[in-house]
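Summary of the model geometry
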Amino acid sequence: SPGALASGARQFDFAALAVHGNDIWIAGSPGTLIFHSADAGHTWTPQPTGCAAPLGALCFVDAQHGWAAGSLGTILTTTDGGQSWNVVRSGGSRAALLGVFARIDDVPTELIAQLCAEEGYLGVVEVVGRGDLEVEPAAATSERDRLAEAAVALGACDSRLAWSFPLRQRGLEFDAAAVVELWNRAVGGDGLAAAEAELVRRIRTWRPSVIVTHQAVATAGRGDAALVGRLVLRAVESAADPTRFPEQLGAAGLRPWEVAKVYGLVAPGEK
């Protein structure tokens, strides 16, 4: 029904599209569901995949035979138009390490490289705040592309840059209250609640054993970092609670997840 896509769409970041005649398939993050329309988009049916890893590509050679590919080396196939999906390949079902940071420049490159590239842990980097509110030069590489290239170079499996939570560029620092007000305007409501819901959805998607993030204690001029640290701690508790954000468990097909450990980064010169 149209409502199936309408309710589910709020829980997904769509990144993949396939069209064959009047048949349309769309998918994204999480990869738990692929949405199918057999009538050029008038009505939609959710198709469970049994896989939570984000999907970034879809391909159908006819109305029955198709493939979906995504994070963690995931490749799915269907021979019945998506009514059932089978795993052809998967490098892992979940991430061992999830890094959550306020800005791209906050990503601890040496730590990610050591754990992912050298020790082989499946790692994902999530950046909460967009730093591109001001207009960038036309030739500048987008923050999303910078993050993706850096993550691959460091050995991480994937990276995400949240688009709903803008931050001012370096040199225009604000305390946590000002950042929250900026997010309130960006989402047209409660920015903190929206950010927590997003982080909970990411945790339930990646199902990490360990999260690395900022310390929840404010440092001079970096209210955004401490805010993200506090939000992560709150989101970790909420992600394990089935009564918190239940729409993620129903409409998106995710399930509660309990993180084993959370580590806060210590700024240079601090103990």
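These lines cover the structure that appears in this document, whether it is placed above or below. Every value quoted in this text rests on a predicted model; they were computed, and no experiment measured them.

**A short note on the sheet that holds strand S6 (residues 66–70)**
Strand order in the open sheet formed by four strands is S5-S6-S7-S8, and the pairing between neighbours is antiparallel. Only two strands of the sheet have a single neighbouring strand rather than two, namely strand S5 (55–60) and strand S8 (86–89). Along the sheet, successive strands turn relative to each other by an average axial angle of 25°, direction set aside. One ladder, built from four bridges, connects S6 with strand S7 (residues 75–78); its direction is antiparallel. Looking across to S7, one finds that Gly66 is bridged to Thr78.

**Some remarks on the sheet that holds strand S13 (residues 261–265)**
Overall, parallel pairing links the five strands, which are arranged S11-S10-S9-S12-S13 in an open sheet. The open sheet has two edge strands, strand S11 (158–161) and S13, and neither has a second partner. Each strand axis lies, on average, 15° off the axis of its neighbour in the sheet, ignoring direction. Each of strand S10 (123–127) and S11 touches helix H3 (residues 143–154); the most contacted strand, S11, lies at about 160° to it. Its contacts with the sheet place helix H6 (residues 223–239) against strand S9 (97–101), strand S12 (210–214) and S13, and it is angled at close to 155° to S12.

**So, the pairing of S11**
Burial along S11 is two-sided: Asp158 and Arg160 facing one way and Ser159 and Leu161 facing the other are all buried. As defined by bridge partners, S10 adjoins S11 across four bridges and the pair is classed as parallel. The partner of Val124 across the bridge, within S11, is Asp158.

**A closer look at the environment of Ala226**
Mapped onto the secondary structure, Ala226 falls in helix H6. Residue Ala226 is classed as buried on the basis of its relative accessible area, which comes to 2%. Sequence separation of Ala226 and Ala102 is 124 residues, and the distance between their C-alpha atoms is 8.7 Å.

**Observations regarding the nonpolar core**
In terms of nonpolar packing, the biggest core is built from 44 residues, with Ile34, Leu58, Val100, Trp183, Ile203 and Ile211 touching the most fellow members. If you list the elements that add at least two residues to this core, you get strand S1 (13–20), strand S2 (23–29), S5, S9, helix H4 (176–187), helix H5 (191–206) and H6. Of the residues forming this core, the biggest block, seven residues, is contributed by H6. If you look at the next biggest cluster of nonpolar residues, it comprises 15 residues, including Val125, Ala151, Ala156 and Val212.

**Some thoughts on the packing of aromatic side chains**
One pass over the structure, following the stated rule, counts six aromatic pairs. Summarising the aromatic geometry, the rings of Phe165 and Trp183 are spaced 5.3 Å apart at their centres and angled 65° between planes, so their arrangement reads as edge-to-face. Of the two residues, Phe165 is situated in the loop between S11 and H4 and Trp183 in helix H4; the sequence distance between them amounts to 18 residues. We note that Phe165, like Trp183, is buried. Members of the aromatic cluster, each reached through a chain of ring pairs, are Phe12, Phe14 and Phe35.

**Things to note about the environment of Ala156**
Assignment of secondary structure puts Ala156 in the loop between H3 and S11. By relative accessible area, which is 9% here, Ala156 ends up buried. For the pair Ala156 and Ala113, spaced 43 residues apart in sequence, the C-alpha separation works out to 7.7 Å.

Calculation rules
Numbers given to residues run from 1 along each chain, matching the order in which its sequence is written. Predicted model: local features are reported for residues with pLDDT of at least 70 only, side-chain atom pairs are reported and counted for 80 or more only, and whole-chain, interface and lining totals are derived from all residues. Side-chain measures were taken over the full set of non-hydrogen atoms in the model, leaving aside hydrogen atoms and water. Paired strands, in this sense, are two strands between which DSSP finds at least two bridges. The helix and strand labels rest on DSSP assignments: H or I over at least four residues marks a helix, E over at least two residues marks a strand, and numbering proceeds from the N terminus. Note on method: axes are straight lines fitted to C-alpha atoms, helices fitted across the in-contact stretch only, with angles between N-to-C directions ranging 0 to 180 degrees. In what follows, a contact means two residues having at least one pair of non-hydrogen atoms within 4.5 Å. Only protein chains enter the calculation, and the probe is 1.4 Å; a residue is then buried if its accessible area is under 20% of its type maximum, exposed if over 50%, and partly exposed in between. Throughout, nonpolar core names a set of buried Ala, Val, Leu, Ile, Met, Phe, Trp, Tyr and Cys residues whose side chains join them through atoms within 4.5 Å. Stacked, edge-to-face and tilted labels apply to pairs of Phe, Tyr and Trp rings (six-membered ring for Trp) whose centres lie within 6.5 Å, assigned for plane angles under 30 degrees, over 60, and everything in between, in that order.

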